[in-house]
Amino acid sequence: MSEMIYQLQDLKVSFADLSRKPLLGAAPRTEVLKGLSFDIPKGEVLGIVGGSGSGKSTLGRALIRLIEPDAGSIRFEGTDIAHMSENELRPLRRRFQMIFQDPMSSLNPRRRVGGIIAGPLSLQGFDNIAARVDEALDMVGLPRQFAARYPHELSGGQRQRVGIARAIALKPDFILADEIVSGLDVSSQAQILNVLETLVRELGLTLAFISHDLSVIRRLCTRILVLYQGEIVENALTPELFSNPKAAYTRTLLDAIPLPDPDQVWS
Ligand SMILES: Nc1ncnc2c1ncn2[C@@H]1O[C@H](COP(=O)(O)OP(=O)(O)O)[C@@H](O)[C@H]1O
Ligand SMILES: [Mg+2]
């Protein structure tokens with residue numbers, strides 16, 4: 001059995017539903033994740049798929065403890081981080097990183113690319129920062145001179161690579177990517193997926209890749225978790241899920257994939 005980077009047991013997350021708050025008293029809570037249990041083996045690329053509002057982002061945010069779950073355990077490298085305080089989390093934070101959906105709003109427009117990548121490195125006390133910035137740009141396939149550019153001087157795909165460079169420069173063990181290619185055209189999408197594939201292979205990263213697009217997930221992910229209304233309805237290796245979907249909801253998702261367009265060949 002391969003080693004696990006994450007082990008989740010009965011993870012529950014709820015939010016206060018302010019739209020149903022009575023005049024007096026607390027708002028009722030809506031359970032958004034209804035007791036999820038699964039493991040993520042080291043080196044795996046886990047796809048998390050499901051409809052809008054199914055809880056994908058909430059699950060991702062719990063994995064890297066941007067939110068605290070109501071109940072359940074989240075073991076990261078064996079240690080339960082579910083209810084750790086921010087102080088306890090601080091030494092772990094470098095090890096799980098996130099790439100955001102919208103690089104334009106997650107990259108500081110007044111900083112040059114080099115500064116954007118260097119910022120977290122200096123906060124974490126890394127040495128040889130300039131060399132690490134160069135290396136991160138190399139790894140995502142951007143010319144080193146891009147360190148001097150501002151985000152608005154880059155294309156959407158290039159900005160997304162800066163987001164990836166910023167994350168991998170910190171040498172994390174785990175990266176969460178939440179809908180990171182959704183806003184990009186097909187050829188930029190393909191380039192980003194190629195970069196991620198190379199990084200996973202060469203750095204031994206573990207990646208959780210959230211997307212509503214099964215054709216993207218199929219290309220990149222070794223295993224797929226299907227969420228439906230806050231529950232896991234299927235957790236299967238990618239070839240199995242496509243050849244023999246178990247859950248009715250998975251079959252609905254598969255039926256919704258458009259037939260491959262011969263002009264859109266991944267390169
Ligand atoms: N901070 C929050 N406060 C209240 N409700 C939230 C919050 N975040 C998410 N939700 C609700 O939780 C459900 C799942 O959201 P989300 O995890 O963002 O789904 P997905 O990423 O699959 O579209 C949705 O009904 C959403 O409205
Ligand atoms: Mg989401």
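Residues numbered from 1 in each chain as written. Chains lettered and ligands numbered in written order. Predicted model: local features only at pLDDT ≥ 70, side-chain atom pairs only at ≥ 80, totals over all residues.

1. Re the sheet that holds strand S3 (residues 45–50)
- Across the sheet, which stays open at both edges, the six strands sit in the order S6-S7-S8-S3-S9-S10 with mixed pairing between neighbours. The open sheet has two edge strands, strand S6 (96–99) and strand S10 (231–237), and neither has a second partner. Neighbour-to-neighbour, the strand axes of this sheet turn through a mean angle of 20 degrees, independent of strand direction.
- The sheet contact formed by S6 and strand S7 (residues 174–178) spans four bridges and is parallel. Paired with methionine 98 across the bridge in S7 is leucine 176.
- Running over the sheet, helix H10 (residues 248–255) touches S3, strand S9 (223–228) and S10 and is turned about 105 degrees from S9. (Pairing = 2+ DSSP bridges. Helix = DSSP H or I, 4+ residues; strand = E, 2+ residues; numbered from the N terminus. Axes fitted to C-alpha atoms, helices over the stretch in contact; angles between N-to-C directions. Contact = placed C-beta atoms within 7 Å.)

2. Comments concerning the pairing of S9
- Within S9, five of the six residues are buried, which leaves it mostly tucked inside the rest of the structure.
- Note: S3 against S9, five bridges, orientation parallel. Among the inter-strand pairings, isoleucine 48 is bridged to a residue of S9, identified as leucine 225.
- When S9 meets S10, the two strands line up antiparallel, connected through six bridges. Bridging across to S10, leucine 225 finds its partner in asparagine 235. (Buried ≥ 20, exposed ≤ 12 C-beta atoms within 10 Å, placed from the backbone.)

3. Side note on the sheet that holds strand S1 (residues 4–16)
- The strand order across the open sheet formed by four strands is S2-S1-S4-S5, and the pairing between neighbours is antiparallel. Two strands close off the open sheet at either side, each with one partner strand: strand S2 (29–41) and strand S5 (79–80).
- Bridge count for strand S4 (residues 71–76) against S5 is two bridges, and the pairing is antiparallel. Along S5, the bridge assignment pairs arginine 75 with aspartate 80.

4. Description of unusual backbone geometry
- With phi around 50 degrees, arginine 65 is a residue other than glycine that occupies positive phi space.
- Its location among the elements puts arginine 65 in the loop between helix H1 (56–63) and S4.
- Given 20 C-beta atoms within 10 Å, arginine 65 falls into the buried group.
- With a phi angle near 55 degrees, glutamate 179 is a residue other than glycine that sits in the positive phi range.
- Inspection of the secondary structure assignment puts glutamate 179 in the loop between S7 and helix H7 (186–203).
- Using a count of 19 C-beta atoms within 10 Å as the deciding quantity, one classes glutamate 179 as partly exposed.

5. What to know about the domain arrangement of the protein
- Examined at the domain level, the protein breaks down into domain 1 (1–20 + 27–86 + 173–182 + 193–256) and domain 2 (107–171).
- Listed per partner, the contact involves five residues of domain 1 and eight residues of domain 2.
- For the side of domain 1 that touches domain 2, the element with the most residues is H7, which contributes three residues.
- For the side of domain 1 that touches domain 2, the residue count by class is five nonpolar, no polar and no charged. (Domains from an automatic or database assignment. Nonpolar A, V, L, I, M, F, W, Y, C, P; charged D, E, K, R; others polar.)

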